[in-house]
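Below are the chains, spelled out letter by letter.
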Amino acid sequence: DSARRSGLKEKMIALLARKPMSRHETMQKLMQWEAGEEEAAAICDRMEELGFLNDREYAGRVVRHYSAKGYGARKLRDELYHRGVPRELWDEALEQARDSADTIDAFIEKKLAGREPDRKELKKISDALARRGYSWSDINDGLRRFGARLEDET
């Protein structure tokens, strides 16, 4: 039994070295590998002691990754939830997100590539931003900033 547990620990260290995970995800993986709940919890505790498992650090990493890909706060929260990161770590992690205004502005600029949009195109852009997890107020602010820039250029 201790040989099996040792094997699970080694297998988990190898996995966590390649792919960081939350404690919740690690527990799920260990249970897929047929570890009992107590055994999985003990292995997770050991992974935390060794520094291979750290939900606070992992939450920040998830937020920075998806924020850099241009996703908004709602999508970032969805990812943290989906990955089983404890809610008490979310606010601190979300502080590491990129400024949504800059990201929205860059998205609009890229989509329009210097063209003046019609209403249909603006709707497509705002819908795309909503799917990326941005709030309607942030999207409207971005479209307003874009409109002001258009007026300044003419």
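Residues numbered from 1 in each chain as written. Predicted model: local features only at pLDDT ≥ 70, side-chain atom pairs only at ≥ 80, totals over all residues. Heavy atoms only, no water.

K.L.:
Sorry, what's going on with the overall build of the protein here?
P.N.:
Within the protein, the secondary structure is distributed over 9 helices and 0 strands. Ordering the α and β elements of the protein from the N terminus gives α-α-α-α-α-α-α-α-α. Relative to the 2.2 N^0.38 estimate, which gives 15 Å for 154 residues, the radius of gyration of the protein is 21 Å and therefore markedly larger than a compact globule would have. Overall, the C-alpha framework of the protein stretches about 75 × 25 × 20 Å when taken along its three principal axes. Counting every position in the protein, which comprises 154 residues, the buried fraction comes to 35%. (Helix = DSSP H or I, 4+ residues; strand = E, 2+ residues; numbered from the N terminus. Rg over C-alpha atoms; globule rule 2.2 N^0.38 Å. Buried < 20%, exposed > 50% of the residue type's maximum accessible area, 1.4 Å probe, protein only.)

K.L.:
I'm lost on the pattern of salt bridges in this one. Help?
P.N.:
Between side chains of opposite charge, pairing is possible as soon as their charged atoms come close. One pass over the structure, following the stated rule, counts 12 salt bridges. We note a salt bridge from Glu39 to Arg4, for which the minimum N-O separation is 2.5 Å. Residue Glu39 is found in helix H3 (residues 37-50), and its partner Arg4 is found in helix H1 (residues 2-18); the two are separated by 35 residues along the sequence. A relative accessible area of 36% means that Arg4 is categorised as partly exposed. The residue Glu48 makes a salt bridge to Arg23 at a minimum N-O spacing of 2.9 Å. (Salt bridge = Lys/Arg side-chain N within 4 Å of Asp/Glu carboxyl O.)

K.L.:
Looking at this structure, I do not really get helix H8 (residues 119-131). What am I missing?
P.N.:
Given a rise of 1.5 Å per residue, 13 residues ought to cover 18 Å, and the 18 Å separating the end C-alpha atoms of H8 matches this to within 8%. Those residues of H8 not exposed but buried are Ile125, Ser126, Ala128, Leu129 and Ala130. (Expected span 1.5 Å × (residues − 1).)

K.L.:
Help me understand the packing of aromatic side chains, please; the structure alone is not making it clear to me.
P.N.:
Centre-to-centre distance and the angle between the planes together describe a pair of aromatic rings. All chains considered together, the criterion is met by 1 aromatic pair. Taking the ring centre of Trp33 as reference, the NZ or CZ of Lys11 above it sits at 4.2 Å. The lysine or arginine in question, Arg132, covers the ring of Tyr71, its NZ or CZ lying 4.5 Å from the ring centre. (Phe/Tyr/Trp six-rings, centres within 6.5 Å; stacked < 30°, edge-to-face > 60°. Lys NZ or Arg CZ within 6 Å of the ring centre and 35° of its normal.)

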